[in-house]
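Report on the structure
Now for the letters of each chain:
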Amino acid sequence: MASCKKGRMKDSAFRRLVSLVLITVLGVILLLVLLRTNTISSLINSDTYEGTENIEIIDAIIPKLLSQNELSVSLHKKNQIPPRNLDLFPKLAKDRVVIVLYVHNRPQYLQIVIDSLSRVEGISETLLIVSHDGYFEEMNKIVEGIKFCQVKQIFAPYSPHIFSDRFPGASLTDCKDKDDPVGKRCEGTPDQYGNHRSPKIVSLKHHWWWMMNTVWDGLGETRHHAGHILFIEEDHFIYPNAYRNIQLLAELKSKKCPDCYAANLAPSEVKSRGERWESLVAERMGNVGYAFNRTVWRKIHNKAAGFCSFDDYNWDITMWSTVYPSFGSPVYTLRGSRTSAVHFGKCGLHQGHKRNLACMDNGSVNIAVDEIDKVANIKPDWEVRKYENQAGYQAGFKGWGGWGDVRDHKLCMEFAKMYV
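Residues numbered from 1 in each chain as written. Predicted model: local features only at pLDDT ≥ 70, side-chain atom pairs only at ≥ 80, totals over all residues. Heavy atoms only, no water.

A short note on the overall build of the chain
If you tally the helices and strands in the chain, you get eleven helices and eleven strands. For the chain, buried positions account for 49% of its 420 residues. The contacts in the chain between residues at least 6 apart in sequence include a share of 82% that link residues at least 24 apart. (Helix = DSSP H or I, 4+ residues; strand = E, 2+ residues; numbered from the N terminus. Buried < 20%, exposed > 50% of the residue type's maximum accessible area, 1.4 Å probe, protein only. Contact = heavy atoms within 4.5 Å.)

A closer look at the layout of surface pockets
Of the voids in this model, the second largest pocket is the one considered here, and its volume is about 380 Å³. The wall of the second largest pocket is formed by 17 residues, among which Arg 284, Pro 330, Val 331, Tyr 393 and Gln 394 lie closest to the centre. Grouping the amino acids of the lining of the second largest pocket by side-chain chemistry returns ten nonpolar, four polar and three charged. (1 Å grid on protein atoms, 1.4 Å probe; cavity = no way out; pocket = protein on both sides within 12 Å on 5 of 7 lines; lining within 4 Å. Points joined across faces, edges and corners; volume = space filled by probe spheres on them. Nonpolar A, V, L, I, M, F, W, Y, C, P; charged D, E, K, R; others polar.)

Comments concerning the pairing of strand E7 (residues 280-284)
When you tally the buried positions in E7, you get five out of five residues, the bulk of the element. In this sheet, strand E11 (residues 384-386) lies alongside E7 in parallel orientation, the contact comprising three bridges. Looking across to E11, one finds that Val 281 is bridged to Arg 385. Pairing geometry for E7 and strand E9 (residues 332-335), over four bridges, is antiparallel. Counterpart to Val 281 in the pairing with E9 is Arg 335. (Pairing = 2+ DSSP bridges.)

Regarding empty space enclosed by the protein
Inspection of the entire model under this criterion finds seven cavities of 30 Å³ or more. In this structure, the largest cavity encloses a volume near 90 Å³. Lining the largest cavity we find Ile 58, Ala 60, His 76, Asn 79, Gln 80, Pro 157, Tyr 158, Trp 210, Thr 214, Gly 218, Leu 219 and Tyr 419. Each residue belonging to the lining of the largest cavity can be placed in one class, and the counts come to seven nonpolar, five polar and no charged.

Overview of the environment of Pro 90
In this structure, Pro 90 sits in the loop between helix H2 (70-78) and strand E1 (98-103). Classification of Pro 90 by relative accessible area gives exposed; the value is 63%. Along the backbone, Pro 90 and Cys 149 are 59 residues apart, and their C-alpha atoms lie at a distance of 9.7 Å.

Focus: the pattern of salt bridges
Inspection of the entire model under this criterion finds 21 salt bridges. Across the salt bridge formed by Lys 255 and Glu 251, the nearest N and O atoms sit 3.9 Å from each other. With Lys 255 and Glu 251 both in helix H7 (residues 242-256), this residue pair falls four residues apart, about one helical turn. Looking at Glu 251, the relative accessible area reads 48%, which means it is partly exposed. Look at the salt bridges and you will find they share partners, linking Asp 174, Glu 187, Asp 405 and Arg 407 into a network. (Salt bridge = Lys/Arg side-chain N within 4 Å of Asp/Glu carboxyl O.)

Here we look at unusual backbone geometry
Cis peptide bonds are those with omega within 30 degrees of zero, and the linkage from Phe 167 to Pro 168 qualifies with 10°. With respect to the helices and strands, Pro 168 occurs in the loop between strand E3 (150-155) and helix H5 (181-184). Although it is not a glycine, Asn 85 adopts a positive phi angle of roughly 70°. Note that Asn 85 resides in the loop between H2 and E1.

Describing the sheet that holds E1
The nine strands lie next to each other as E3-E2-E1-E4-E8-E6-E9-E7-E11, forming an open sheet whose pairing is mixed. Of all the strands in the sheet, the pair left with one neighbour each is E3 and E11. The mean inter-strand angle of the sheet, taken between neighbouring strand axes irrespective of direction, is 30°. Of the strands in this sheet, E1, strand E2 (127-132), E3, strand E4 (229-233) and strand E8 (290-292) touch helix H6 (residues 199-217), which is tilted by about 155° from E1. (Axes fitted to C-alpha atoms, helices over the stretch in contact; angles between N-to-C directions.)

A word on the packing of helix H3 (residues 107-117) against helix H4 (residues 137-144)
It is the contact of H3 with H4, at a shortest axis distance of 10 Å, that shows an interaxial angle of 15°. Accordingly, the angle class assigned to the pair H3 and H4 is roughly parallel. Between H3 and H4 lies a crossing of right-handed hand. Contact residues: Pro 107, Leu 110, Gln 111 and Ile 114 in H3; Glu 138, Met 139, Ile 142 and Val 143 in H4. A class-by-class count of the residues in the contact of H3 with H4 yields six nonpolar, one polar and one charged. (Parallel < 35°, antiparallel > 145°, perpendicular 65-115°, else oblique. Left-handed = near helix turned anticlockwise from the far one by under 90°.)

Considerations on the confidence of the model for the chain
On average, residues of the chain score 86 in pLDDT, and 82% of them are at 70 or above. Low pLDDT, under 50, characterises residues 32-53; the stretch is placed with 14 contacts to residues that sit more than four places away or in other chains. A low-confidence stretch, residues 349-358 (pLDDT under 50), is modelled with 15 contacts involving residues beyond four sequence positions or located in other chains. (pLDDT = per-residue confidence, 0-100.)

Things to note about the packing of H6 against helix H8 (residues 294-301)
When two helices pack together, you describe them by how their axes are tilted relative to each other and by the distance separating the axes. Across the interface, H6 lies against H8 with an axial gap of 11 Å and an inter-helix angle of 135°. Classified by the angle their axes make, H6 and H8 are oblique. Where H6 crosses over H8, the handedness of that crossing is left-handed. In this structure, H6 uses Trp 209, Met 212, Asn 213, Trp 216 and Asp 217 to contact H8, whose residues at the interface are Arg 294, Trp 297, Arg 298, Ile 300 and His 301.

Regarding the nonpolar core
By size, the foremost hydrophobic cluster in this structure holds 49 residues, and its most contacted members are Trp 208, Trp 209, Phe 231 and Phe 292. Residue contributions to this core peak at eight residues, all from H6. Setting aside anything within four residues of it in sequence, one finds Phe 292 in contact with Met 212, Trp 216, Gly 227, His 228, Ile 229, Phe 231, Tyr 261, Ala 262, Met 285, Trp 297 and Ile 300. Among the nonpolar cores identified, the runner-up in size contains 41 residues, and Leu 128, Ile 238, Leu 252 and Ala 341 belong to it. (Core = buried A, V, L, I, M, F, W, Y, C linked by side-chain atoms within 4.5 Å.)

Put into structure tokens, the structure is as follows:
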């Protein structure tokens, strides 16, 4: 009888031990699952970095024309992520010129401009912002590899590339080419030449305008920046002395050229490498390596209606033909007489990107960088030579079209109101 009792007690103890072990194992498994879920969630929703407690978070007003999709919402959240490399470059120079690199989907071009930026004297003193027209993983990975300065990525969450089946992308009900909206029962407003919108083409102007509004008014890192911001593109090769030269030009602009609204790294004639004079040059504002301050941005922003309604899909031609002329006086930019940036692209953005059809010779560029291009080569005591009555787009030009759809005009105006 006693032996039976002992057997039952042993069985009971064994069962309790097994139950305890099972509960412990299940608890550990549950904890691991929760930790893994939490980690994945944090990767998707909130990349965080040390030392970012004081960065201001600004919520943008969602354009009324759009209903966001999952990718658009995700990109909107990514735009709030603080800069990378804060551990490597915890402090920025007080007199910094912020650099904004706006890109599309040309990875080989992007790699070249980033390689050139890595050799720029003073680049570690400032913040580099890379603005993407939508989301392309290869482009994202290239930027994530930057280790030479603080870098922040922003992604246009309302790019036509994000919306594959509805505006601002292409929908089945959209008019195409020269369709008659009434006869075809399609949606769209043709441009002045009778052509309907092409989402890939209008994205150029939309991205530039969204980027400008976001950088100047929508980012905690720059919305209170009092100095100049330098804008470059993914097919601009940047010389080693570019940053030091643009700092000098920004400082000299108000003293040497009161009529100058901006500073440029390169001549407005993109094929020119400069006059090689021992003087500064004042001329019409170019689109390669241009920098201006918040005062000029306010003047541009005040002309949003003209920018958004002008029938040309090119942001720069729109600026030359309608925005700058509306300022009431000639718009000059100040630059050196030797270029500090070169446009190397051989094909337009609308042609897309294919590795076997790269728009470069052997997928590379061969740009000579002399010793003089490695250090600041602008002298504060130089005089200014001014080009007057230059050829180019002027007031009165009607535009090349591609921007006639009323929906694009409205979306553009909504971008102007995102942060005001």
